[in-house]
Each structure stands twice: as structure tokens, then as C-alpha cells.
Amino acid sequence: MQTQSGWGFYGRRDELDSLSAILSRRRWFFLKIAGRRRIGKTRLVQQQLQHYQRDRVLYIQIPDSDPAGVVSTARDFMETFQVPVAPPSDLRSLATSLGQLCEQGWIVALDEFQYFNRKALYSFTSQLQSEVDRLSALSPAIQGGLIILGSIHTEMDALLDDRSAPLYNRVTDTLDLGHLDLASILEILEVHADRQPERLLFLWNLFEGVPKFYRDCYEQGVIAADRRQLLERMFFSSSSPLRTEADTWFLRELRGRYDLVLKYIARNPGCTHADIVAHVQAVEPDRAHQITAYLKVLDERYAMLERLQPIFAKPSARKGRFYIRDNFLRAWLAALAVPTASISFRPLDQLISQANERLQQAEGYGLERLVAQLYQERSRRGIGDFGLSEAVRGWWDRQDIEIDLVAIDADQQRLRLGSCKRSATALIQDLPRFDGHIHRFLKLQPRFQHWTVEKVAIAPVLSTEQRQAAELAGYLPQDLNDLTQGLLS
């Protein structure tokens, strides 16, 4: 295990390069940075501004408040950053003050900008539009810029991309921050813990590529701890930093309206529309007729759900399966929400055991996602001998065919079909049955009759004996050690 004195900055090389190019222009810019909460938007800006040693920087975190609250908060930040303009008294003068700072060469960053989509605050966008248009007309004489950061995709779109919005077509640059790639997560584990496959799967299934969560574990001293220690410190202690994370940042705005649907999908990843309707009818029959509308809102407005089609299927096909998009939210709803809410009523050890057991069950689907991402990152980096020609997905249909991994290398006419299981023992035992799935799949897909078809057996860790058993069954054995090899070099 390696250690270092402090937390570093990991990944984001492409985003840093893009931000560097924007700052290097030394002329007016209006930059939108979007991404889920805790994904590292503010940290990215801080990292690059420190690199450029910019001292004329103002950062304001917009509160979810009324106009007076926003102005008061802005005044506090402006006092802290010692800006050379008069403190604002209302939203209009706030926009004017920000424009004056940009004109003087300051970089102004407004975090949680999506709150300006609230009715009480919306007028600020019209007032800001006047300043943006004035500064754009003065470019390239203006060396300052405006950075807006937001975490609710639909509300950011409504403020900036809707044709009727005052700020429509004003943005000069856009950065969309997704999760850290797996190479960056491996770097974090290499420095602060270890790269054991079990740890990678456990942490990735919980936190995916959200850097703040890994840093929270590091700061609490448990990033290298065992599962139970980490869960207790991060979720079950009175000072646990993630104990209210999901309720605060994901579920607060839903106000309980969609809990029944979200919890069912989290605990049954890959369920169908019919499955969800049947569950709601059994629990709350009066709400069953609302399910289609609920799913649409959770997908399109809040981006909490995704409906996946099997590979080769048309987008309109009725084979779609529903999943929670975010690993942390899925893990919270499936395994952590009820145990953490029961701390005052049940023995702590019992609750941690229950949460740990449920997380292990959730890691089955988590492994499928992790393997697909590893295949894609390896292909993108040119690691290994299998180059993908499209995204890795699975296949399922009503004829009881279930393939966890379908990877296509069209250039070499190679098809790789895989089974993923968290238990290596169960994986090996299931291979004869999985052969039937592969046979039925190939019968339905005659296009691959002249291709090289490879069967793959994947688990977090495979022993020498399990590898030999897979090979005897005609499968290529792969575990997370194999699939992460070379990503850090």
C-alpha cells in the first residue's frame, strides 16, 4: 500500500486542457460547466485558476433562497474576495456589479446557477443578459470572463438553451463533466489504498466516478479500511459525511412523490415497465395509472432513470429495462436508506450487516456496468487485442435469452459474449446453462455466422483452478485484475 501526505487532483486531463485553452485566450468568455453534484466542477475551476495564478477571482455559491437571500450571500462572498465594486442591493445591481468585475479582468464563477430558474429569481437572467451582451460587444478588449456552474441538467438547459430564455445563445464555451474514468479511480486507490478487485468493485458500486466521495473516505481515514468500517464511518456514525447525502442532494426536490418507483427500480435493476406497474398496483393501486408519467419525469427532468434497450434493438422496441443512472443513488435506495434511518431502534452491528449484505447483492449488476466501462476504456486507449466498434451492452428477449456482455469488433469480425457474476463459484457452475443462451442468441443473429465468436467468463477474482475450469468449458476467463491491467501505465 502506498501513501502520500495529502489528497491530490486526479484525472480530468481533457477538461483541464479545454479550460486552459479558454483562459489562455485572454478575452471575454461565458463558460457553462454542468454535471451532477459532487462531480468536481468547482474543484476543476480552482485547480486551473491556481495554475494560472489568477488573483482577480470571485466565487459565489448561489443559495436556494429568495432574492434577498441571494443578494445577501453574494455580498458576503464579495466582501470575502475583496472585490473593488459597490456591494449590490438587489438582483439588478448584482448583475451590474458582476459585469463591472468582468470588465476589469476578473473571473466570476457562479455556482448552483440552476437556482435562477426559480420564478422569484428568474429576472436576474434578463439583467445578466444585458451585461453579457455589453461585454461581448467589447471583446477582445475584455480579459475577464463569467463561469456558471450547475448540477440540474434540465434547469440549466431551460436557462441557457431554451430559445425563449434571456441567455439563449450567449454561452461561448461549454464543459460537461461526467464521472472520473476508471484509470483515475485506479490512481486514487493506488495512492491511498490498494487496487484489490474487491475494493474496486465495492467503492465503484457505491461512488462510481464521483471524486468528492472518494475524498470524503480519505479524509475520514477509511478509504483503505474494510467494508464494515467504511460503511460505519461514512453512513452510520453521528458525524458521517454521507448519511444525508442522497436525501439532501437527490431526493429533496422530489418530496416523496416518486419514492415507491425509485426504490423498486433500485432494488430490481433491469425491471420492465410491466414489472413496475405490477408492483405499484400491489402496493398503491390508486397510483398505478401514473407510472408512465412518473417514469418520464424521472428520466427527462431529473435524469435519475435510464431505459436501456438490448444491443441491436430499435429505440422504440418494447424490450426496455429501467435502471437508476447514478450508482450512489441506486446503492442508497437499495441498501442504505432504511438501515441508516433505523440507527436509533436497532443494534448497529445488525444494521451494518444488513446494509453490507444488500450492497453485495447490488454489486452483481454493478459488476456488469464496471466490466462494460473497462472494455470501453481499454478499447479507447488501445489496450489489449479487442477493439470495440460500438458500445458494450447486453442482450435479452422474451425467449429467455440473457447475455450480460456483447462486445463487437467489426474490423476484425470478432464477437465476444460474456457472463458476469460476482461469485466466481456460481459463474463456473452456470457456464453449461449459459452455453444455451449463447446458442439461442447466435441462432437469432445469423449475421455473425462467419465471425469469430469468443465466450468470456468474468468475475471480480478468478483462482487458477477456476480459470482452468472456464478454459475447459471453452471460455476465456477474465477478472478485474486482467481488465484493469495497463490502464495506469
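Refer to the structure above for everything that follows.
Notes on the structure follow. (Residues numbered from 1 in each chain as written. Predicted model: local features only at pLDDT ≥ 70, side-chain atom pairs only at ≥ 80, totals over all residues. Heavy atoms only, no water.)

In this section: the pattern of salt bridges. One pass over the structure, following the stated rule, counts 33 salt bridges. One salt bridge in this structure joins Arg118 and Glu155, with 3.0 Å as the shortest N-O distance. Here Glu155 lies in helix α6 (residues 153–160) and Arg118 lies in the loop between β3 (107–111) and α5 (123–138), a separation of 37 residues in the sequence. Classification of Glu155 by relative accessible area gives buried; the value is 7%. A salt bridge links Arg467 to Asp479, with the nearest nitrogen and oxygen atoms 3.0 Å apart. Of this pair, Arg467 sits in helix α18 (residues 464–472) while Asp479 sits in strand β12 (residues 476–479), and the two are 12 residues apart along the sequence. With relative accessibility at 2%, the residue Asp479 sits in the buried group. (Salt bridge = Lys/Arg side-chain N within 4 Å of Asp/Glu carboxyl O. Helix = DSSP H or I, 4+ residues; strand = E, 2+ residues; numbered from the N terminus. Buried < 20%, exposed > 50% of the residue type's maximum accessible area, 1.4 Å probe, protein only.)

The subject of this paragraph is the pairing of strand β8 (residues 393–396). Sheet analysis places β8 next to strand β9 (residues 402–409), joined by 3 bridges and oriented antiparallel. Looking across to β9, one finds that Trp395 is bridged to Ile403. (Pairing = 2+ DSSP bridges.)

Strands sit in the order β2-β3-β4-β1-β5 across an open sheet of 5 strands; the sheet is parallel. Since the sheet does not close on itself, it has two edges, and those belong to β2 (57–61) and β5 (173–176), each with one partner. Within the sheet, the average angular offset between the axes of one strand and its neighbour, ignoring direction, is 15 degrees. Summarising the sheet, β2 and β3 pair through 5 bridges and their orientation is parallel. Its bridge partner being in β3, Ile60 is matched across the sheet by Leu110. Of the strands in this sheet, β2, β3 and β4 (145–150) touch helix α4 (residues 91–103), which is tilted by about 140 degrees from β3. (Axes fitted to C-alpha atoms, helices over the stretch in contact; angles between N-to-C directions. Contact = heavy atoms within 4.5 Å.)

Note on backbone geometry: most residues besides glycine have negative phi, and most peptide bonds are trans. Each neighbour pair has its own omega, and for Ser139 with Pro140 the value is 10 degrees, a cis peptide bond. A positive phi angle is found at Arg12, which is not glycine, with a value near 65 degrees. The residue Arg12 is located in the segment before α1 (13–24) in this model.

Here we take up the packing of aromatic side chains. Per the stated rule, a full pass over the model turns up 20 aromatic pairs. With a centroid separation of 4.8 Å and 15 degrees between ring planes, the pair formed by Tyr323 and Tyr365 is classed as stacked. With Tyr323 in strand β7 (residues 321–324) and Tyr365 in helix α16 (residues 348–381), this pair connects stretches of sequence that are 42 residues apart. Judged on exposure class, the residue Tyr323 and its partner Tyr365 are both buried. Taken together, the aromatic side chains of Phe207, Phe213, Tyr214, Phe235, Phe328 and Trp332 make up a single cluster linked through ring pairs. (Phe/Tyr/Trp six-rings, centres within 6.5 Å; stacked < 30°, edge-to-face > 60°.)

Another aspect to go through is the sheet that holds β8. Taken in spatial order, the 5 strands make up an open sheet running β8-β9-β10-β11-β12, and their pairing is mixed. The open sheet has two free edges, formed respectively by β8 and β12, since each of these has just one partner strand. Adjacent strand axes in the sheet meet at a mean angle of 35 degrees, parallel and antiparallel pairs treated alike. Strand direction decides the pairing type here: strand β10 (residues 414–420) and strand β11 (residues 452–459), joined by 7 bridges, are parallel. Across the sheet, residue Arg414 finds its bridge partner in β11, namely Thr452. Sitting on the sheet, helix α17 (residues 424–444) touches β8, β9, β10 and β11, and the angle it makes with β10 is about 140 degrees.

With that settled, consider the pairing of β10. Where burial is concerned, most of β10 is hidden: 7 out of the 7 residues are buried. The alternating pattern of β10 places Arg414, Arg416, Gly418 and Cys420 on one face and Leu415, Leu417 and Ser419 on the opposite face, and all of these are buried. As paired elements, β9 and β10 share 5 bridges and run antiparallel to each other. Paired with Asp409 across the strands is Arg414, a residue of β10. Adjacent in sequence and paired antiparallel, β9 and β10 are bridged by 4 residues, among which Gln413 carries a positive phi angle near 50 degrees. Each parallel crossover has a hand, and for β10 linked through α17 to β11 it is right-handed. (Right-handed = clockwise from strand over helix to strand, strands pointing away.)

This part covers the state of the cysteines. Counted under the stated rule, the structure contains 0 disulfides. Between Cys420, a free cysteine, and Cys271, which holds the nearest cysteine sulfur, the sulfur-to-sulfur gap is 20 Å. (Disulfide = S-S within 2.5 Å.)

Here we come to the layout of surface pockets. Reported here for the largest pocket is a volume of approximately 1300 Å³. Lining of the largest pocket is provided by 46 residues; of these, Trp204, Glu368, Arg369, Ala372 and Gln373 occupy positions nearest its centre. Elements supplying a minimum of two residues to the lining of the largest pocket: α1, β6 (305–308), β7, α16, β8, β9, β10 and α17. Per-element tally for the lining of the largest pocket: the top contributor is α16, with 10 residues. Each residue belonging to the lining of the largest pocket can be placed in one class, and the counts come to 14 nonpolar, 12 polar and 20 charged. (1 Å grid on protein atoms, 1.4 Å probe; cavity = no way out; pocket = protein on both sides within 12 Å on 5 of 7 lines; lining within 4 Å. Points joined across faces, edges and corners; volume = space filled by probe spheres on them. Nonpolar A, V, L, I, M, F, W, Y, C, P; charged D, E, K, R; others polar.)

Note on placement: Asp157 falls in helix α6. Dropping the residues within four chain positions of it, Asp157 is found in contact with Lys32 and Asp162.

Let's shift gears to the environment of Leu31. Structurally, the position occupied by Leu31 is in strand β1 (residues 29–34). By relative accessible area, which is 0% here, Leu31 ends up buried. When the C-alpha atoms of Leu31 and Glu454 are compared, they prove to be 46 Å apart, with 423 residues separating the residues in sequence.

Before going further, it helps to examine the nonpolar core. The biggest cluster of nonpolar side chains holds 103 residues, and the ones touching the most others in it are Leu206, Phe207, Phe235, Ile276, Leu336 and Tyr375. Top element by residues in this core is α16. It accounts for 10 residues. In contact with Tyr375, other than residues within four places in its own chain, are Leu388, Val392, Leu405, Ala407, Arg416, Val456, Ile458, Gln478 and Leu483. Ranked by size, the runner-up nonpolar core spans 35 residues in total, among them Leu58, Val70, Cys102 and Ile148. (Core = buried A, V, L, I, M, F, W, Y, C linked by side-chain atoms within 4.5 Å.)

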